[in-house]
Amino acid sequence: MTELQKAKQVHYFNVLDYNGDGVLEKKDFLNVADRLAEQRGYEDGSSKHRAVRQEILRIWTNARALSGQEDKAQITLEDWLEHEQEVIDSTVLVHSYVQGLARAIFDTLDADNDGVISEDEYLTFFESFRGDEGDGSAAFQKLDEDGEGYLTRQQFLKVVTQFHISDEPDAPGNWLFGPYQEAAGSEA
Ligand SMILES: [Ca+2]
Ligand SMILES: [Ca+2]
């Protein structure tokens, strides 16, 4: 794994670690899901709320399965980086894990079901991970390379794959979860 790839993964781990205690647990993902549901105005315990929880928990289930931690309640940064190294090393995993996850997350993001992710939909999602709105807008400008104001399913698959795999400093997908360089500096 190169420094760039590692910086993105450390940042991603920190984004997912909602309560910032240095380990990923189921409750981090439930907190994200609850916040996303709240921002969309879904009633607590409603079917839409439950659906969002299920969708967000898929990230957790996938990460545990692939890092061989199915029976563990926590994932450390070390486990996480090992898991990502396996993804980077394997064409099969890139297709099954990254693209499978991208498809599921696309559907979660596309709240109004019109087949594209608008900037608002992206920002709501970004902020549910405690992201700053300004960072979210900056990230969306990068991801939306052609400046159309939305991301198609195909564009989304591309940027998610770039986020996980690319070693190109200019790859738009590096910005999927916002600025990632500071995290690298503070963790190095
Ligand atoms: Ca945590
Ligand atoms: Ca949409």
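Each chain carries its own residue numbering, running from 1 in the direction its sequence is written. Chain labels run from A onward and ligand labels from 1 onward, assigned in the order the entries are written. Whole-chain, interface and lining totals are the exception, using all residues; otherwise, since this is a predicted model, local features are given only for residues with pLDDT of at least 70 and side-chain atom pairs are given and counted only at 80 or more.

1. Regarding the environment of Lys72
Okay, step 1: Assignment of secondary structure puts Lys72 in the loop between α3 (47-66) and β2 (75-76).
Okay, step 2: Measuring from C-alpha to C-alpha, the distance between Lys72 and Leu4 comes to 28 Å, with 68 residues separating the pair along the chain. Working definition: helices are DSSP H or I runs of at least four residues, strands are E runs of at least two. Numbering for both runs from the N terminus.

2. Details of helix α5 (residues 91-109)
Okay, step 1: When the terminal C-alpha atoms of α5 are compared, their 26 Å separation across 19 residues agrees well with the 27 Å that a helix rising 1.5 Å per residue should span.
Okay, step 2: For α5, the full list of buried residues reads Tyr97, Val98, Ala102 and Phe106. One fewer than the residue count of a helix, multiplied by 1.5 Å, yields its expected span. Partly exposed residues are those falling between the two cut-offs: more than 12 but fewer than 20 other C-beta atoms within 10 Å of their own, whereas 20 or more means buried and 12 or fewer means exposed, with C-beta atoms placed from the backbone.

3. Structural notes on helix α4 (residues 77-89)
Okay, step 1: Between its terminal C-alpha atoms α4 stretches 18 Å, which fits the 18 Å expected from 13 residues at 1.5 Å a residue.
Okay, step 2: For α4, the set of buried residues is Asp79, Trp80, His83 and Glu84. For α4, the angular spread of buried residues about the axis comes to 130°, placing them on one side. For α4, exposure combined with an orientation more than 90 degrees from the buried face picks out Glu78 and Asp89.
Okay, step 3: Here, residues touch in the contact sense if the C-beta positions derived from the backbone fall within 7 Å of one another. Looking at the buried side of α4, the elements it contacts are α1 (3-16), α3, β2 and α8 (153-165). It is the directions from the helix axis to the C-beta atoms that the arc portrays.

4. Examining the nonpolar core
Okay, step 1: Here, a nonpolar core denotes buried Ala, Val, Leu, Ile, Met, Phe, Trp, Tyr and Cys residues that are linked to one another through C-beta atoms within 7 Å. Core analysis: the largest hydrophobic core is formed by 38 residues, its most contacted members being Val32, Ala33, Leu36, Leu143, Phe156, Val160 and Leu176.
Okay, step 2: Elements supplying a minimum of two residues to this core: α1, α2 (26-39), α3, α5, α6 (119-128), α7 (133-143) and α8.
Okay, step 3: Leu176 has contacts with Leu143, Val159, Val160 and Phe163, leaving out every residue within four places of it along the chain.

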